Amino acid sequence: MKSSHRPQAGSGTGLHIATITHGGRIWGTYLEVEDDPSRTAMYHARLRFDVANPTNLEEAPRTTVIIIEESYQEAVAKARDFDNRQLEALLRSALPD
């Protein structure tokens, strides 16, 4: 049985996946599932990185959709499978130059 749970992306929320450090700062990693009613059979998700103590000009970097699974639970499990080294690499790739 598939879950119909679909958190909204871009709402500033998301499921906390991990906390990592990069560049001497602490970053929370969150799973954001796209809310697209036309794609009810698959869950498309990205990762958002929220820095502790952001400056006024900082926006939370996000990956593109990198997780595509048949259930919300599988998307969460896939996100939680990333280790800190992989999450830091994804953060670096999402940061502006």
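Residues numbered from 1 in each chain as written. Predicted model: local features only at pLDDT ≥ 70, side-chain atom pairs only at ≥ 80, totals over all residues. Heavy atoms only, no water.

With that settled, the discussion passes to the overall build of the protein. Along the backbone of the protein there are 2 helices and 4 strands. Each helix and strand of the protein, ordered N terminal to C terminal, gives the series β-β-β-β-α-α. Among the 97 residues that make up the protein, the fraction classed as buried is 32%. Counting only contacts in the protein whose residues sit at least 6 apart along the sequence, the fraction spanning at least 24 positions is 54%. Carbon and sulfur atoms form 49% of the exposed surface of the protein, whose accessible area is close to 6,000 Å². (Helix = DSSP H or I, 4+ residues; strand = E, 2+ residues; numbered from the N terminus. Buried < 20%, exposed > 50% of the residue type's maximum accessible area, 1.4 Å probe, protein only. Contact = heavy atoms within 4.5 Å. Areas by Shrake-Rupley, 256 points an atom, 1.4 Å probe, with all protein chains shown as cover.)

Let's shift gears to the environment of Val51. When you line up the elements, Val51 lands in strand 3 (residues 43-51). Between the C-alpha atom of Val51 and that of Ile20, which follows or precedes it by 31 residues, the distance is 9.6 Å.

With 85% of its residues at a pLDDT of 70 or more, the protein has an overall mean of 86. Here residues 1-11 is a poorly scored stretch, pLDDT under 50, and it has 26 contacts once near neighbours within four places are set aside; other chains count. (pLDDT = per-residue confidence, 0-100.)

In this structure the tally under the stated criterion is 8 salt bridges. With a shortest N-O distance of 3.6 Å, Lys78 and Glu69 are connected by a salt bridge. Classification of Lys78 as partly exposed rests on a relative accessible area of 38%. Looking at Glu69, the relative accessible area reads 16%, which means it is buried. For Asp83, the salt bridge goes to Arg85, with nearest N and O atoms at 3.6 Å. A relative accessible area of 34% places Asp83 in the partly exposed class. When its relative accessible area of 61% is taken as the criterion, Arg85 is described as exposed. A network of salt bridges, in which partner residues are shared, links Glu32, Arg48, Asp50 and Arg62. (Salt bridge = Lys/Arg side-chain N within 4 Å of Asp/Glu carboxyl O.)

Turning next to the sheet that holds strand 4 (residues 67-69). Reading across from one edge, 1-2-3-4 is the order of the 4 strands in this open sheet, with antiparallel pairing throughout. Pairing within the sheet leaves two strands with one partner each, and these edge strands are strand 1 (15-22) and strand 4. With direction set aside, neighbouring strand axes in the sheet form an average angle of 30°. The strands that helix 2 (residues 84-94) touches are strand 1, strand 2 (25-33) and strand 3; relative to strand 1, the one it contacts most, it runs at about 80°. (Pairing = 2+ DSSP bridges. Axes fitted to C-alpha atoms, helices over the stretch in contact; angles between N-to-C directions.)

Glancing now at the pairing of strand 1. For a regular strand, the rule is simple: side chains alternate between the two faces of the sheet. As defined by bridge partners, strand 1 adjoins strand 2 across 7 bridges and the pair is classed as antiparallel. Paired with Thr19 across the two strands is Gly28, which belongs to strand 2. As consecutive antiparallel partners, strand 1 and strand 2 are separated by 2 residues, and within that stretch Gly23 has a phi angle of approximately 60°, a positive value.

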